[in-house]
Amino acid sequence: MLDGLNSNQLDAVTTDKNALVIACPGSGKTRVLTRKIAYELERFDSKKKFIVALTYTNRAAEEIQRRLDDLGIPQEQLWAGTIHSFCYQWIIKPYSAYEPALVNGFSIIDDNKKRKILNELKKKHSIPFFSDINTGLDRNANYMNADPYNNAIAKEFHESILENKEIDFDLLLYYSYKMLINNKKIRSHLANIFSHIFVDEFQDTQDLQYAIIGQVLTVAGDKCKLFLVGDPDQAIYGSLGGTPKSLYEIQEEIGNQDIVFKEIPGNYRSTQRIVDFFRNFQSTEVNIEALGQRANEHGYITLDTTTNKDNLYKEFADIITHNIKKGVKPSEICIIAPQWYFLTPLAQKLKSVLPDIPFDAPGVSPLPTNRESFWWKLSRLFLSEITPKTSMSRFRWMSHLINDLNGYTNGSLGNEYIDCRRYLKIINSIKPNESNGILYLEKAFKAFFNKLELDLNDYYVLVEQWDIFFDGIRTRYESTDFIGTPDDIQYFKNIFKPSTGVVINTCYGVKGEEFETVIAFGLLWGYIPHWSSIRNQPNYITESASNKLLYVIGSRAKKNLHLFAEKGRKANSGYAYQTNHQLAQAKFEYDGTYYQEK
Ligand SMILES: Nc1ncnc2c1ncn2[C@@H]1O[C@H](COP(=O)(O)OP(=O)(O)OP(=O)(O)O)[C@@H](O)[C@H]1O
């Protein structure tokens, strides 16, 4: 399990102290995290303890668990997921009776619904719909927008959903923290059952999240170790309150316990040229050496500041065709858009000019994004492929689902190995004769409950979640973004297939990913970074936000990087967007066009 680790990685994996690990892009952060979890799981001497791995996205948690499956590591004593899932599973769900705002029941609203309510509020207050309103709270219940007017809207939003006994992920975190500080019993219980808390991408952790982890670790003392890994140069969620706290600040959060500092240098992902490019945006002088086998390959790194926005898709189509001809797989090519609203129109244009090339644009998934929803979890079991490769994951998902179902039905179902196998067989045997995706899922869910001899109507929370889940899908199909999107069951099943197409995603969505060829566009001041996140901010903050985004974008590429600061983008005021300042100033010898062989 310690094979294939270099000396710095090995040192981080085997430490038995609280540790803060700073790792540059491509240095093997994910490898270190996975091996460290495996290492600790194997050394467990108690059946009652748990390891917690907190990741920024559910996708990252799934990736860690999949890698542990590949290493053959049993995961019964691992809990992996986002801090929101963690708070829901370990604090809100078991202890909601302790919080007056939640004691009479509550549901978690879906992203779509949240966006809709916020848009209505923006309209009411005459604020442009694309202006970002951060609804996050800090530990003192303050909102964190630079603009006080946006704070008032965030407050109004929370008041309006609470009236309907609804909460969003921000309130979920806030109530979790409040319950922890007000109830010694909850703090002590959590402190007793966790042996390790891992935090991936610690640079994106918000104040409340540090505070929640800190509460547990302060009580646990030496019995629970903290392991944080991340890269301050990739802290691109500053406008949402994400911040890489210093070692001393983190020590303070955990009751002044010692934390050792470790660094993982070197980059296995990219050529030295790619590294030299993205180092233009690094905040420190620390050298990064390309260590991979292809470190010295030349690749193509281009900057185009002349193409008009309306012709971008033609350029992209040329680059994609050229790469595929050279043997690059479509899934090794990624187009990075500045914000989500660039995704759908671009994907549609590219699909029309390259009909034979598959594309994978996550913005167009029909399922609501709340993965805490019981029905989302059940959909995953109905929609994902049944192959030897997916069998361990499906078993794990089944076991989690039964756990949830036991919570809703007062433990009426067994959750031993043999039970999970039986329930999986039931799921595998249900194949409704229905081609429409929504109707297929409705029939499949009902058939599953019938086979379990459970009457869905007996479980109010599940019925409520059902409505939110299916309304979420229907609302998506009614939106203009979804015009022309297929609604058949095959399309739904593609959501859970490993992606084989050219990836189109935002600079936030591709964090942690790597591709042979990266095409990034919209590298214009006001998009990168988005103007609403830098408005009224001092220069040093806007420059730092800009550098971090360019650093993340550049460091996704293994070999080829095509940058576009296109012409023709104008604000409502008539102002023509200009090339991102830091990119314009970067010192780099770009190649001519991508088809000039070197
Ligand atoms: N010791 C090693 N030897 C060879 N290859 C390695 C080693 N460690 C990591 N790699 C490879 O380097 C690449 C980058 O690793 P990984 O994705 O874990 O980087 P990361 O540090 O998480 O990057 P980022 O911060 O950009 O997300 C992967 O392809 C991984 O397999």
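Model, not experiment: these values are computed from the prediction.

### With respect to the domain arrangement of the protein
Link 1 in the chain: By the assigned domains, the protein splits into domain 1 (7–91 + 183–264), domain 2 (97–174), domain 3 (272–364 + 500–585) and domain 4 (374–494).
Link 2 in the chain: Its C-alpha centre places domain 2 at a distance of 32 Å from the equivalent point of domain 3.
Link 3 in the chain: Taken together, the contact pairs seven residues of domain 2 with six residues of domain 3.
Link 4 in the chain: Linking domain 2 with domain 3 are zero salt bridges, by the criterion used here.

### Re the pattern of salt bridges
Where charged atoms of side chains with opposite charge meet at close range, the side chains can pair.
Link 1 in the chain: All told, the structure shown has 36 salt bridges when counted by the stated rule.
Link 2 in the chain: The partner of lysine 114 in a salt bridge is aspartate 170, with the nearest N and O atoms 3.2 Å apart. Of this pair, lysine 114 sits in helix H5 (residues 111–124) while aspartate 170 sits in helix H7 (residues 169–182), placing them 56 residues apart in sequence.
Link 3 in the chain: Take lysine 114: its relative accessible area is 16%, and that puts it in the buried class.
Link 4 in the chain: Residues lysine 377 and aspartate 404 are paired through a salt bridge, measuring 2.6 Å at the closest nitrogen-oxygen approach. Here aspartate 404 lies in helix H15 (residues 391–408) and lysine 377 lies in helix H14 (residues 374–383), a separation of 27 residues in the sequence. No difference in accessibility class separates lysine 377 from aspartate 404, as the two residues are buried.
Link 5 in the chain: In this structure, a network of salt bridges that share partners links the residues Lys29, Glu201, Asp204 and Lys511.

### Overview of the nonpolar core
Link 1 in the chain: If you look at the biggest cluster of nonpolar residues, it comprises 103 residues, and the most contacted ones within it are Phe86, Ile91, Ile197, Trp375, Met398 and Phe448.
Link 2 in the chain: The residues touching isoleucine 197, leaving out its near neighbours within four places in the chain, are Val52, Leu54, Ile213, Val216, Leu217, Cys224, Lys225, Leu226 and Phe227.
Link 3 in the chain: Among the nonpolar cores identified, the runner-up in size contains 61 residues, and Ile333, Ala337, Ala557 and Ala586 belong to it.

### As for the environment of tyrosine 577
Link 1 in the chain: Along the chain, the position of tyrosine 577 falls in the loop between strand S14 (557–564) and helix H22 (581–585).
Link 2 in the chain: In sequence terms tyrosine 577 and arginine 115 are 462 residues apart; their C-alpha atoms lie 26 Å from each other.

### With respect to the packing of H7 against helix H9 (residues 207–220)
Link 1 in the chain: At their nearest, the axes of H7 and H9 sit 10 Å apart, and the two run at 30 degrees to each other. Taken together, the axis directions place H7 and H9 in an arrangement best described as roughly parallel. The crossing of H7 and H9 is left-handed. Taken together, the residues of H9 that come into contact with H7 (itself represented by Leu173, Tyr174, Ser176, Tyr177, Leu180 and Ile181) are Leu208, Gln209, Ala211, Ile212, Gln215 and Val216.
Link 2 in the chain: Each residue belonging to the contact of H7 with H9 can be placed in one class, and the counts come to nine nonpolar, three polar and no charged.

### So, the packing of aromatic side chains
Link 1 in the chain: This structure, assessed with the given rule, holds 39 aromatic pairs.
Link 2 in the chain: Aromatic side chains tyrosine 341 and phenylalanine 342 sit 5.2 Å apart centroid to centroid with 20 degrees between the ring planes, which places their arrangement in the stacked category.
Link 3 in the chain: When the ring of tryptophan 375 is compared with that of tryptophan 466, the centres are 5.0 Å apart and the planes differ by 85 degrees; the resulting orientation is edge-to-face. Of this pair, tryptophan 375 sits in helix H14 while tryptophan 466 sits in helix H18 (residues 460–478); the two residues are 91 residues apart in sequence, bridging distant segments of the chain.
Link 4 in the chain: With a relative accessible area of 11%, tryptophan 466 lands in the buried category.
Link 5 in the chain: Here a set of aromatic residues connected by ring pairs shows up, and it is made of Phe374, Trp375, Phe382, Tyr408, Phe445, Phe448, Phe449, Trp466, Phe469 and Phe470.
Link 6 in the chain: Its guanidinium or amino end placed over the ring of tyrosine 408, lysine 93 lies 5.6 Å from that ring's centre, counting from NZ or CZ.
Link 7 in the chain: The positively charged end of arginine 115 is found above the aromatic ring belonging to tryptophan 340, 4.9 Å away from the centroid.

What counts as what
- Per-chain numbering applies: the sequence of each chain, read as written, is numbered from 1 onward.
- Owing to the predicted nature of the model, reporting of local features is limited to residues with pLDDT of at least 70; listing and counting of side-chain atom pairs is limited to 80 or more, with chain, interface and lining totals taken over all residues.
- Note: side-chain values were computed over all heavy atoms of the structure, leaving out hydrogens and water.
- Where each domain starts and ends follows an automatic or database-derived domain assignment.
- Only heavy atoms enter the contact rule, under which two residues are in contact if any of them lie within 4.5 Å.
- Any Lys or Arg side-chain nitrogen located within 4 Å of an Asp or Glu carboxyl oxygen qualifies as a salt bridge.
- In this text, helices come from DSSP runs of H or I with a minimum length of four residues, and strands from runs of E with a minimum of two, each type numbered from the N-terminal end.
- Categorising residues by exposure relies on relative accessible area from a 1.4 Å probe, with only protein chains included: less than 20% of the type maximum marks a residue as buried, more than 50% marks it as exposed, and the intermediate range marks it as partly exposed.
- Throughout, nonpolar core names a set of buried Ala, Val, Leu, Ile, Met, Phe, Trp, Tyr and Cys residues whose side chains join them through atoms within 4.5 Å.
- Axis lines are fitted through C-alpha atoms, for helices just across the contact stretch, and the angle between N-to-C directions can take any value from 0 to 180 degrees.
- Every angle not falling under 35 degrees, over 145, or within 65 to 115 is termed oblique; those three ranges are roughly parallel, roughly antiparallel and roughly perpendicular.
- With the far helix as reference, a near helix turned anticlockwise by less than a right angle produces a left-handed crossing, and one turned clockwise produces a right-handed crossing.
- Put simply, Ala, Val, Leu, Ile, Met, Phe, Trp, Tyr, Cys and Pro go in the nonpolar bin, Asp, Glu, Lys and Arg in the charged bin, and everything else, Gly too, in the polar bin.
- Note on aromatic pairs: the rings of Phe, Tyr and Trp (six-membered ring only in Trp) are paired at centre separations within 6.5 Å, and the planes decide the class, stacked below 30 degrees, edge-to-face beyond 60, tilted for the rest.
- Distance and angle both matter: a charge sits over a ring if NZ of Lys or CZ of Arg is within 6 Å of the ring centre and within 35 degrees of the ring normal.

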